[in-house]
Amino acid sequence: MPHLFFGTWLDIDLSSGQVEERDLPDELIGELIGGAAVMSKLMEDYSGECISLGTGPLTGTPCPGASAAFAGVRRGDGSTAYAPVMLNAGLELKLTGFDFILIHGRSERPVYIWMRDQVADIVNGSGLPAEDSWGVCSAIRKGQGDPRIQVISSSVGDCASLNFVSGWDGIGFGRSMSGMNLRGIAFRGMGELELSEPEDFLSKASELMSKEREKIGTREGVGSLLSPEAAARIRGIKRNRSCFSCPYPCMSYFATDDPAYERMLLMDQRSLAALAEMPGQDELIIEALMRLHRKGMCASDKIGETSGTIEDLVNEPVSKAAEEPQLNGLDNITKGVEPSDAISAGFILGICPRYLGVIGAEMEGYAELLSLGIGREISSEDIRKAAERLS
Amino acid sequence: MASSIMFHIEEERGYFGIIVKREGGELMLGKPEGVEVARPGEISGGSASAKPITMRPACDMCGGDPKCVAYCPGKALEEVE
């Protein structure tokens, strides 16, 4: 078993209901390092339409910004795309004991996948709501009796939600889940991972964290990713927060009028930027976005298609788009952030692409940290080469 | 960092804190209400989802340079006398 991984991946066939645990070859990690590069290989080997989840070697470690798991989609024509799954999902997914999950086929009835403690099951999901991704999360957490379970859920739209947070899925992962009759992917991680040099790893991580905090300065909240004019239209902010092991609190909690969800955590800068350009009442922006998110709609281009005013978004019926969303390679979840080698490397290592795109980072530091964790010398050039698979 | 655990109360939104086992066995609780020092057994409640704090090694401040303070992403921790 390589350090920083458990050495197993799951092959889930929803058509047959089979869940197979497979060994992750050391050579695969040796060559591709991890993250979306390994997911790409697993999906390529399957060759048909499928989705996947996975983590990078640094996901869930004390490395700055190392909170990302990744969701991947492969279409029948072989095109692929990847999006980061943030908050605590990377850590929790990694500590389930499964490094990567490949999902294919279609279940005859609605189901959800439940992973924890190196156990994975396909569970009957007939009772889960079909048009409310947040409701899916609430129902699974209640049914399994643990409010800390992480739930990726689908709804009528293209975009999946993580727990009660949407806006990160610009690749149609939610649409693919719906097509498989897969209402949710739930997981809870309680395992422990081995590091090669734990003391040196923590010292290096702390050194990097200290440098990164200085770079961030006073930036905080989703408003820090918007123009001043757009930020001024977003009302009801309560406080800001970051994902696991991230010094940049780029998300914000907003008050809502819904007693079932008194606060809404927003990382969806793209939709907020689009809404802030629409005519209508500022006070309705959060309500409109909440409604769209629960229906699985969050991308800014979708909002532009469906309505003319913010009031319309609150009142008009919303429906699934007829066309599949265009796959866009590596979704960095942030309008204004351009693709870069550093972001591609983040999709290998488990580092948030927004963090890398907005704050920036020195790859040499991450390579040094990875070498300490995994127990062999890995250079930034090695990481760049592994990331070439994603271009 | 093995001498500490995070805790929170489900029923109270946003209620998080940290317990550190100090040398001598006493427990220091950093809570939203403030800092409290207690002996093992004086703290009630909590779930068993983490290794019990009393079974953990005591904090030796990493020899004078606490790693948790150096690492803390949000600078929520600081070293005081």
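Residues numbered from 1 in each chain as written. Chains lettered and ligands numbered in written order. Predicted model: local features only at pLDDT ≥ 70, side-chain atom pairs only at ≥ 80, totals over all residues. Heavy atoms only, no water.

K.L.:
Give a description of the overall build of chain B that names residues and reports values.
P.N.:
Counting its regular elements, chain B contains one helix and four strands. Moving toward the C terminus, one meets the helices and strands of chain B in the order β-β-β-β-α. For chain B, buried positions account for 23% of its 81 residues. A sequence separation of at least 24 residues applies to 32% of the contacts in chain B between residues at least 6 apart. (Helix = DSSP H or I, 4+ residues; strand = E, 2+ residues; numbered from the N terminus. Buried < 20%, exposed > 50% of the residue type's maximum accessible area, 1.4 Å probe, protein only. Contact = heavy atoms within 4.5 Å.)

K.L.:
Pulling in residues and values, what's your account of the overall build of chain A?
P.N.:
Regarding its fold elements, chain A presents 15 helices and 15 strands. Relative to the compact-globule value of 21 Å for 391 residues, chain A shows a C-alpha radius of gyration of 20 Å, a close match. Relative to its full complement of 391 residues, chain A shows a buried share of 59%. Taking contacts inside chain A between residues at least 6 apart in sequence as the whole, the part at least 24 apart equals 68%. (Rg over C-alpha atoms; globule rule 2.2 N^0.38 Å.)

K.L.:
Outline the pairing of strand β4 (residues 69-74) of chain A, supporting the account with residue identities and numerical values.
P.N.:
All names here are of chain A. Across the six residues that make up β4, a large majority, six, are buried. Burial along β4 is two-sided: the residues Ala69, Ala71 and Val73 and Phe70, Gly72 and Arg74 are all buried. Relative to β4, strand β3 (residues 50-55) is paired through six bridges, and the arrangement is antiparallel. Residue pairing across strands places Cys50 opposite Arg74, the latter belonging to β4. Across six bridges, β4 lies against strand β5 (residues 80-85) in antiparallel orientation. Bridge pairing in β5 places Ala69 opposite Val85. Connecting the antiparallel pair β4 and β5 is a turn made up of five residues, with Gly78 showing a positive phi of about 90°. (Pairing = 2+ DSSP bridges.)

K.L.:
Talk me through the pattern of salt bridges; I want residue IDs and the actual numbers.
P.N.:
Under the criterion given, the structure shown has 24 salt bridges over all chains. The salt bridge involving A:Arg235 is made with A:Glu283; its shortest N-O contact spans 3.2 Å. One end of the pair, A:Arg235, is in the loop between α7 (228-233) and β12 (237-241); the other, A:Glu283, is in the loop between α8 (269-275) and α9 (285-294), with 48 residues separating them in the sequence. The exposure class assigned to A:Glu283 is exposed, which follows from its relative accessible area of 52%. A salt bridge links B:Lys31 to B:Glu36, with the nearest nitrogen and oxygen atoms 2.6 Å apart. Each of A:Glu92, A:Asp146, A:Arg148 and A:Arg188 takes part in one network of salt bridges that share partners. (Salt bridge = Lys/Arg side-chain N within 4 Å of Asp/Glu carboxyl O.)

K.L.:
Pulling in residues and values, what's your account of the interface of chain A and chain B?
P.N.:
Between chain A and chain B, the residue contacts involve 15 residues of the former and 13 residues of the latter. Here chain A packs against chain B, burying approximately 1300 Å² in sum over the two surfaces, 55% of which is carbon and sulfur. Where chain A packs against chain B, one counts one salt bridge. For A:Glu199, the salt bridge identified is with B:Lys67, shortest N-O distance 3.4 Å. On inspection of chain A and its partner chain B, the count reaches four residue pairs in polar contact (both at pLDDT 80 or more). Its residues assigned to classes, the side of chain A that touches chain B comprises seven nonpolar, three polar and five charged. (Buried area = accessible area lost by both parts, 1.4 Å probe. Polar contact = N/O pair within 3.5 Å; in protein donor to acceptor, adjacent residues only side chain to side chain. Nonpolar A, V, L, I, M, F, W, Y, C, P; charged D, E, K, R; others polar.)

K.L.:
Describe helix α15 (residues 380-387) of chain A, with residues and values.
P.N.:
Residues and elements named next belong to chain A. All of the buried residues along α15 are Ile383, Ala386 and Ala387. One face of α15 carries all of its buried residues, which in axial projection span an arc of 100°. Next to the buried residues of α15 lie α1 (26-32), α2 (35-46), α12 (341-349) and α14 (363-374). (Arc of directions from axis to C-beta.)

K.L.:
Which residues make up the sheet that holds β12(A), and what values do they have?
P.N.:
All names here are of chain A. Strand order in the open sheet made by the three strands is β12-β13-β14, with antiparallel pairing throughout. Single-partner strands in this sheet number two, and they are β12 and β14 (263-266). On average, each strand axis in the sheet is inclined to that of its neighbour by 25°, with strand direction left out of account. The pairing of strand β13 (residues 251-255) with β14 spans four bridges and is classified as antiparallel. The residue of β14 that forms the bridge with Ala255 is Arg263. Running over the sheet, α9 touches β13 and β14 and is turned about 75° from β14. (Axes fitted to C-alpha atoms, helices over the stretch in contact; angles between N-to-C directions.)

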